[in-house]
Amino acid sequence: MDITLMHYLCLSMALFAVGVFGVLMARKSLIHILMSLELMLLGVNLTFVSFSRFHGEVTGQVFSLFILTVAAAEAAIGLAILVVYFREKRTIQITDMVSLGEKVE
Amino acid sequence: MAGLVFYGLAGLTLLSAMAVVFARSPVYAVLFLILSFFTSAGIFLLLDAEFLAMVLVIVYVGAVAVLFLFVVMMLDVDQKHLEKLRHYPWKSFFKAALRSGVLAGVFLGVFYMAKQLWGDKVVFLSDEGPLTHSFILAAMSFAVAYALYWPLSKWRFLLPSESAETVAWVEGALQFLIFAGVMTYVLFGAPSLEIKKEVFDAGGAPLSTTDALSHLLYSVYVIPFQGVGVILVVAIVAAIALCLRHRPGVRRQDVQHQLKTTKEDVLSLSQPKVGKGVEWTSR
């Protein structure tokens, strides 16, 4: 049972796909979408790290580190915006955010 | 053994990722997110990225996920909205999944048949050929993409118009894009996926990944490294500035006001007469 690059790539692809699915299922709350974004970033990170491992090159891990940092910043700001929005409107439901358009059922 | 560990961790990661998406309660979703971070830290360890694994555990599990947890518990999220998930078009999802699974199976079957028939004659089809792995990957990504594209056909409000022609057109375009992408990948992207299994070396001496990472991070990538620090500071300031609120009626120190105050504002001299006292005047 030799684990190749392909196994890791398949795993990261599946993680990313699950994240995309979570974002597309926009019937839920903003917080679910933020969490799905984290999952997608995790998949991307996994791709970087596995390529870095199998190419014998550490640069991929450097970029993975940067992605981690920026994702942490994104999560912090996103959650802050979420809290402010909740205070203002008392909801974080995607379908309720219709100030600029008509309500989707 | 490593294979067993990988499959266990990968399965746990995927299962908990799905639980994040499908969990009805946000608190459970966050807890499953933490679990998936832990297991992917294990996968990073398998990939010799021990520093990143530790960073994942410390930063993500220790900070980001707990932040999520705090926010989820602070906000009084209406649970009845989450029940809408029940009306999700599961039937068509399973149909699409079945269709894409069958398609991927047919792809793989044709490929393996071709391999059995001409495997020893055509280099592309041999075990070491670049096509073998990429074809499996392409079939899988085709299946996933096909299973994922169905929301478009269900959620018409994402489309510019709801007429049947538009829907059919968008579906056709999507299918073509997916197919073209997969074919391009199979035909041209495969050779770049040759696998080198070298341990990170520095002049023959074995070097830990953390060591190599630090050398790279503080020499070649020092500017982006500092830039990331700036981004973090901006994030902190922005988060605090966004969430800061001033309740009316709360006594608060106003430094500017304190500094602006002069002697004349606060001090008044009076000469009280004996037995009369001082009349109090508010400014």
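Residues numbered from 1 in each chain as written. Chains lettered and ligands numbered in written order. Predicted model: local features only at pLDDT ≥ 70, side-chain atom pairs only at ≥ 80, totals over all residues. Heavy atoms only, no water.

Colleague: Explain the interface of chain A and chain B residue by residue, including any values.
Modeller: Bring the parts together and some accessible area is lost; that lost area is often taken as the interface size. Listed per partner, the contact involves 73 residues of chain A and 83 residues of chain B. Both faces considered, chain A and chain B share a buried interface measuring about 7,300 Å² in area, 82% of it formed by carbon and sulfur atoms. The tally of links between chain A and chain B comes to four residue pairs in polar contact (both at pLDDT 80 or more). If one sorts the elements of the side of chain A that touches chain B by residue count, helix H3 (residues 59–89) of chain A sits on top with 24 residues. Broken down by class, the residue content of the side of chain A that touches chain B amounts to 49 nonpolar, 16 polar and eight charged. (Contact = heavy atoms within 4.5 Å. Buried area = accessible area lost by both parts, 1.4 Å probe. Polar contact = N/O pair within 3.5 Å; in protein donor to acceptor, adjacent residues only side chain to side chain. Helix = DSSP H or I, 4+ residues; strand = E, 2+ residues; numbered from the N terminus. Nonpolar A, V, L, I, M, F, W, Y, C, P; charged D, E, K, R; others polar.)

Colleague: So, the packing of aromatic side chains: which residues are in play, and what are the values?
Modeller: Under the defined criterion, the tally for this structure stands at nine aromatic pairs over all chains. Between A:Tyr8 and A:Phe54 the ring centres are 5.9 Å apart and the planes differ by 45°, which places this aromatic pair in the tilted class. On the criterion of sequence distance, the pair formed by A:Tyr8 in helix H1 (residues 5–24) and A:Phe54 in helix H2 (residues 30–55) is long-range, its members being 46 residues apart. Across the pair, exposure class does not vary: A:Tyr8 and A:Phe54 are buried alike. Each ring, one from B:Phe37 and one from B:Tyr60, has its centre 4.5 Å from the other, and the planes form 65°; the classification is edge-to-face. Highlighted residues: B:Phe37 in helix H2 (residues 26–46) and B:Tyr60 in helix H3 (residues 50–74), separated in sequence by 23 residues. There is no split in this pair, since B:Phe37 and B:Tyr60 are both buried. Taken together, the aromatic side chains of A:Tyr8, A:Phe54, B:Phe6 and B:Tyr7 make up a single cluster linked through ring pairs. Positioned above the aromatic ring of A:Phe54, the side-chain terminus of A:Arg53 is 5.7 Å from the ring centre. (Phe/Tyr/Trp six-rings, centres within 6.5 Å; stacked < 30°, edge-to-face > 60°. Buried < 20%, exposed > 50% of the residue type's maximum accessible area, 1.4 Å probe, protein only. Lys NZ or Arg CZ within 6 Å of the ring centre and 35° of its normal.)

Colleague: Outline the confidence of the model for chain A, supporting the account with residue identities and numerical values.
Modeller: Should the pLDDT be low somewhere, the predicted coordinates at that spot are not to be read in detail. When pLDDT is averaged along chain A, the result is 85, and 92% of the positions lie at 70 or above. The least confident element of chain A is H1(A), whose mean pLDDT is 88; the most confident is H2(A), at 91. (pLDDT = per-residue confidence, 0-100.)

Colleague: Let's hear about a nonpolar patch on the surface: which residues, and what values?
Modeller: Residues and elements named next belong to chain B. Where nonpolar side chains cluster on the molecular surface, the patch consists of Leu 12, Tyr 28, Leu 31, Phe 32, Leu 35 and Phe 38 and spans about 540 Å² of accessible area. Of the residues forming the nonpolar patch, the biggest block, five residues, is contributed by H2. Its place among the elements puts Phe 32 in helix H2. (Patch = residues over 30% accessible without salt bridge, like charges linked within 9 Å, V, L, I, M, F, W, Y side chains within 5 Å. Areas by Shrake-Rupley, 256 points an atom, 1.4 Å probe, with all protein chains shown as cover. Salt bridge = Lys/Arg side-chain N within 4 Å of Asp/Glu carboxyl O.)

Colleague: Outline helix H1 (residues 2–22) of chain B, listing residues and values.
Modeller: With 21 residues, H1(B) should reach 30 Å at 1.5 Å per residue; the first-to-last C-alpha distance of 30 Å fits that figure. Turning to H1(B), its buried residues number three or more, namely B:Gly3, B:Phe6, B:Leu9, B:Ala10, B:Thr13, B:Ser16, B:Ala17, B:Ala19, B:Val20 and B:Val21. Next to the buried residues of H1(B) lie H1 and H2 of chain A together with H2 of chain B. (Expected span 1.5 Å × (residues − 1).)

Colleague: Quick one: what's the story with unusual backbone geometry, residue by residue and with numbers?
Modeller: Residues and elements named next belong to chain B. In the Ramachandran plot, Asp 48 falls in the positive-phi region, its phi being about 65° despite a non-glycine side chain. Within the secondary structure, Asp 48 sits in the loop between H2 and H3. Judged by relative accessible area, which is 30%, Asp 48 ranks as partly exposed.

Colleague: Now, about the packing of H1(B) against H2(B): what can you tell me, with residues and values included?
Modeller: Residues and elements named next belong to chain B. Running from N to C, H1 and H2 point in directions that differ by 155°, and their axes come no closer than 8 Å. With respect to each other, H1 and H2 are oriented roughly antiparallel. When you trace H1 past H2, the crossing you get is left-handed. Judged by residue contacts, Ala 2, Val 5, Phe 6, Leu 9, Ala 10, Leu 12, Thr 13, Ser 16, Ala 17, Ala 19 and Val 20 of H1 engage Ala 29, Phe 32, Leu 33, Leu 35, Ser 36, Thr 39, Ser 40, Gly 42, Ile 43 and Leu 46 from H2. Counted by class, the contact of H1 with H2 contains 15 nonpolar, six polar and no charged residues. (Axes fitted to C-alpha atoms, helices over the stretch in contact; angles between N-to-C directions. Parallel < 35°, antiparallel > 145°, perpendicular 65-115°, else oblique. Left-handed = near helix turned anticlockwise from the far one by under 90°.)

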